Amino acid sequence: MRKPIIAGNWKMNMNPDETRAFVAAVKNELPDPSKVESVIAAPAVDITALVDAAKDSVLVPAAQNANDHESGAYTGETSPKVLADLGVKYVIVGHSERRGYYHETNEDVNKKAKAVFANGMKPIICVGESLEQREAGETEDWVSTQVEAALNGLSADQVQQLVIAYEPIWAIGTGKTATSDQAEEVCRHIRETIAKLYDQTTADATRIQYGGSMKPNNVKELMAQPDIDGGLVGGASLQPDSFLQLVHYQD
Ligand SMILES: O=C[C@H](O)COP(=O)(O)O
């Protein structure tokens, strides 16, 4: 049985004081972690505040990116080793904003996923198509290519521990959510891709999130789909009330 995982991706929002205030507002209201995993991925500059504030709560701290090296001459980059030392549990890898604005390739995503595992954390690997690709009927091919490249060289055991986030680029921050049928279709295709690359047991164990304008008013319907195990949420994760409604979608 896959445990649902709702992860807020704050992107480049919030400062340490706002981070502490947010965590203080949600920490005693989060769902039982055996039913839903509640995760916040903060900017690197807020990680210390997030981890300290979330101590003694079930909120799981995450980061939005990491370099694939542990240390060295990589100006401006964030070490996965230091993130792990600070207490981070998940790292988002290959978000479409990183692929688009910072030219991260499938190969970079694969290296980063391996570095995240090498440092004892778990990657949330993002995949998804543009509107042009969807309109050209290329979604499934594109997404399975991204999945195959991201997982290259990972063991079945690692794949069972990571999370894949399906985020259609055209639905991110636009208010245009994929319909639950569209989201389910691609998440099912991702699971079938994992089954082909590994085996059915691995595919059945891997959690797949949907991301793209997930909100309190559509989370229930999306989460009701058999192959959607969670959400990667941008805008609607920035307010405590809205984040709490998302993680409590089962209530
Ligand atoms: O990582 C989160 C996604 O990019 C979705 O963002 P959004 O919920 O603001 O559309």
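What you see is a predicted model, and the numbers here were worked out from it, not measured in a lab.

A. Region of the structure containing the UniProt feature "active site" (unreviewed entry) in the protein. Per the UniProt record, the feature "active site" (unreviewed entry) sits at H95 and E167. For the residues just named, distributed over 73 residues, the greatest C-alpha separation is only 8.4 Å, placing them together at one site. By relative accessible area, which is 4% here, H95 ends up buried. For H95, the residues in contact, after removing those within four places along its chain, are N9, K11, C126, E167 and I172. Inspection of the secondary structure assignment puts E167 in the loop between β6 (163–166) and α9 (180–197). Given a relative accessible area of 4%, E167 falls into the buried group. When neighbours within four sequence positions are excluded, E167 is seen to be in contact with H95, C126, V127, G128, E129, I172, G211, G212 and L232.

B. Seen up close, the side chain of R191. Note that R191 resides in helix α9. In this structure the side chain of R191 is engaged in a polar contact, spanning 2.8 Å, whose partner is the side chain of D229. With near-sequence residues (within four places) excluded, R191 lies in contact with R2, A203, D204, T206, I208, D227 and D229.

C. Looking closely at the environment of K3. Following the sequence through the fold, K3 ends up in the segment before β1 (5–9). For K3, a relative accessible area of 32% gives the class partly exposed. Sequence separation between K3 and Y210 is 207 residues, and the spatial gap between their C-alpha atoms is 14 Å. Not counting chain neighbours up to four residues away, the residues in contact with K3 comprise P33, S34, K35, V36, E37, R207 and D229.

Definitions and cut-offs
- Residues numbered from 1 in each chain as written.
- Predicted model: local features only at pLDDT ≥ 70, side-chain atom pairs only at ≥ 80, totals over all residues.
- Heavy atoms only, no water.
- UniProt positions renumbered as here; feature names shortened; annotations may be inferred.
- Buried < 20%, exposed > 50% of the residue type's maximum accessible area, 1.4 Å probe, protein only.
- Contact = heavy atoms within 4.5 Å.
- Helix = DSSP H or I, 4+ residues; strand = E, 2+ residues; numbered from the N terminus.
- Polar contact = N/O pair within 3.5 Å; in protein donor to acceptor, adjacent residues only side chain to side chain.

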